[in-house]
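Fold and contact review
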Amino acid sequence: PIWLIWTLHHVRPDAANTYAPNAYLSVTPEFLASAIEESLAAGLTPVHLHDLPALLADPAETRRFVAFTLDDGYRNNREFAAPIFRHYAIPYTIFITPGFVERKRSMWWETAEALVASRDSFRFDFGAGDEWVQCRSHAEKDQAFDRISIFIRTVVEDEAVERLDACARAYGVDPLAIVEELTMPRDELAAYADEDTLVHFGAHAMTHSNLCRLPDERLRYEVEASIETVAEYVGNPPRSFSYPYGWASAFCERAERMVAAAGIPVGVTTRPGVLQPALLKRLTSLPRVSLNGYYQRRRYVRALISGVPFRLMR
């Protein structure tokens, strides 16, 4: 049998942005509805992510399951995704990063997009001193965005994000204003939890940092404090955890052990794959399947549900 966990981020109408390197993180409401319909047509039973362990461990259970998850806590999840989930009576999980909720941590990928999109050039220190970064053409913008992404991944992340934030502010881009515009604050999360019985809120680390690059004390804080803080926001303790980022280097057994030790029954990565029985032994490191903004067609959803693309990846 095959089960799967869908990953989403933004759910919103198509934007008319001329430069959008993060477009893969955004799907339209219509495509979300299509993905739900294709999942149901394939005979998948929608369930809460945190209910999967008990269901998958039941030898008498013959149904195939699907769980819908959304990372980062975007406002558009409540505005555009929630009505669709309610229409189809689909339970779903949103993973929350308190650093975004409290407007204390920027979303570097959104900051980088806004900076690169708004400039023909800017000065930035990638570690060898200030240099001019050209971004007049689309190709130059891609190169600039990719350099920032690599910089964030390879330098101490807190310092790298701070340096990017300072650069952005110097050119009129406010990183925390972007977070304010895009993500739900504390009061909105509380209201959302009260109004929607289908939603569950999971933890997504305190600052959305690459957990595997952190020392043990900071790693413990990112996991445990995020679980406690999300519980304060919505009145119920999280029963699932999403490891930030989809890079292979952003998941490790050390982080997995910390999540399990915190009492979380289900942890999800962004490593691609469907669920097979052998994965029952590693419930805190389950793979997910991304609903990618670059591939918003029903046929892609059908292919992903089949599991064929993941067999070809082996």
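Anyway, here's the lowdown on the structure attached to this text.

The rules behind the values
Residues numbered from 1 in each chain as written. Predicted model: local features only at pLDDT ≥ 70, side-chain atom pairs only at ≥ 80, totals over all residues. Heavy atoms only, no water. Pairing = 2+ DSSP bridges. Helix = DSSP H or I, 4+ residues; strand = E, 2+ residues; numbered from the N terminus. Right-handed = clockwise from strand over helix to strand, strands pointing away. Expected span 1.5 Å × (residues − 1). Buried < 20%, exposed > 50% of the residue type's maximum accessible area, 1.4 Å probe, protein only. Arc of directions from axis to C-beta. Axes fitted to C-alpha atoms, helices over the stretch in contact; angles between N-to-C directions. Parallel < 35°, antiparallel > 145°, perpendicular 65-115°, else oblique. Left-handed = near helix turned anticlockwise from the far one by under 90°. Contact = heavy atoms within 4.5 Å. Nonpolar A, V, L, I, M, F, W, Y, C, P; charged D, E, K, R; others polar. Salt bridge = Lys/Arg side-chain N within 4 Å of Asp/Glu carboxyl O. Patch = residues over 30% accessible without salt bridge, like charges linked within 9 Å, V, L, I, M, F, W, Y side chains within 5 Å. Areas by Shrake-Rupley, 256 points an atom, 1.4 Å probe, with all protein chains shown as cover. Disulfide = S-S within 2.5 Å. Core = buried A, V, L, I, M, F, W, Y, C linked by side-chain atoms within 4.5 Å.

**What to know about the pairing of strand β11 (residues 266-272)**
With three bridges connecting them, strand β10 (residues 240-242) and β11 associate as parallel partners. By the bridge assignment, Phe241 is partnered in β11 with Gly267. Traced from β10 through helix α11 (residues 253-261) to β11, the parallel crossover comes out right-handed. Sheet topology note: the β11/strand β12 (residues 286-290) ladder contains two bridges and is parallel. By the bridge assignment, Pro272 is partnered in β12 with Arg288.

**What to know about helix α6 (residues 138-154)**
Here α6 is 17 residues long and its end C-alpha atoms lie 24 Å apart, about the 24 Å a rise of 1.5 Å per residue gives. Buried within α6 we find Lys141, Ala144, Phe145, Ile148, Ser149, Phe151 and Ile152. In an axial view of α6, the angular spread of the buried residues amounts to 160°, which keeps them on one side of the axis. Structural note: α6 exposes Ala139, Gln143, Ile150 and Thr154 on the side pointing more than 90 degrees away from its buried face.

**Regarding the packing of helix α5 (residues 108-118) against helix α7 (residues 157-170)**
It is the contact of α5 with α7, at a shortest axis distance of 10 Å, that shows an interaxial angle of 30°. Between α5 and α7, the angle falls in the class roughly parallel. In this structure, α5 crosses over α7, and the sense of that crossing is left-handed. Contacts between α5 and α7 involve Trp108, Thr111, Ala112 and Leu115 from the former and Glu157, Val161, Leu164, Asp165, Cys167 and Ala168 from the latter. Broken down by class, the residue content of the contact of α5 with α7 amounts to seven nonpolar, one polar and two charged.

**A short note on the pattern of salt bridges**
Applying the stated criterion across every chain yields a total of 20 salt bridges. Look at the salt bridges and you will find they share partners, linking Arg75, Arg78, Arg103, Glu180, Glu188 and Glu195 into a network.

**Things to note about the side chain of Thr183**
Checked against the element boundaries, Thr183 lands in the loop between α8 (175-182) and α9 (186-195). Given a relative accessible area of 1%, Thr183 falls into the buried group. In contact with Thr183, not counting residues within four places along its chain, are Asp72, Gly73, Tyr74, Arg75, Phe100, Arg103 and Met107.

**What to know about a nonpolar patch on the surface**
Where nonpolar side chains cluster on the molecular surface, the patch consists of Tyr24, Tyr294, Tyr295 and Tyr300 and spans about 420 Å² of accessible area. Tracing the sequence through the fold places Tyr24 in the loop between β2 (10-11) and β3 (26-27). By relative accessible area, which is 35% here, Tyr24 ends up partly exposed.

**As for the state of the cysteines**
All told, the structure shown has one disulfide when counted by the stated rule. Note that Cys212 is cross-linked by a disulfide to Cys252, the S-S spacing being 2.4 Å. Across the S-S bond of Cys212 and Cys252 the torsion is about -110°, and the bridge reads as left-handed. One end of the pair, Cys212, is in the loop between β9 (199-203) and α10 (216-234); the other, Cys252, is in the loop between β10 and α11, and 40 residues separate them in sequence. Using a relative accessible area of 18% as the deciding quantity, one classes Cys252 as buried. Cys135 takes part in no disulfide bond, and the closest cysteine sulfur, belonging to Cys167, lies 9.7 Å away. Residue class for Cys135 comes out buried when judged on its relative accessible area of 0%.

**Observations regarding unusual backbone geometry**
In the Ramachandran plot, Asp72 falls in the positive-phi region, its phi being about 95° despite a non-glycine side chain. Relative to the helices and strands, Asp72 is located in the loop between β5 (64-71) and α3 (75-88). At Arg103, a position not held by glycine, the phi torsion is positive, near 60°. Within the secondary structure, Arg103 is located in the loop between α4 (98-101) and α5.

**Looking at the nonpolar core**
In terms of nonpolar packing, the biggest core is built from 38 residues, with Trp6, Leu32, Phe68, Phe85, Tyr92 and Phe201 touching the most fellow members. Of the residues forming this core, the biggest block, five residues, is contributed by helix α1 (residues 29-41). What Phe201 contacts, discounting residues up to four positions off in sequence, is Ile94, Ile96, Leu189, Tyr192, Ala193, Val230, Val234 and Pro238. One finds Leu25, Ala112, Cys167 and Ile178 within the second-largest nonpolar core, a separate group that totals 32 residues.

Any functional reading would require information beyond the geometric quantities listed.
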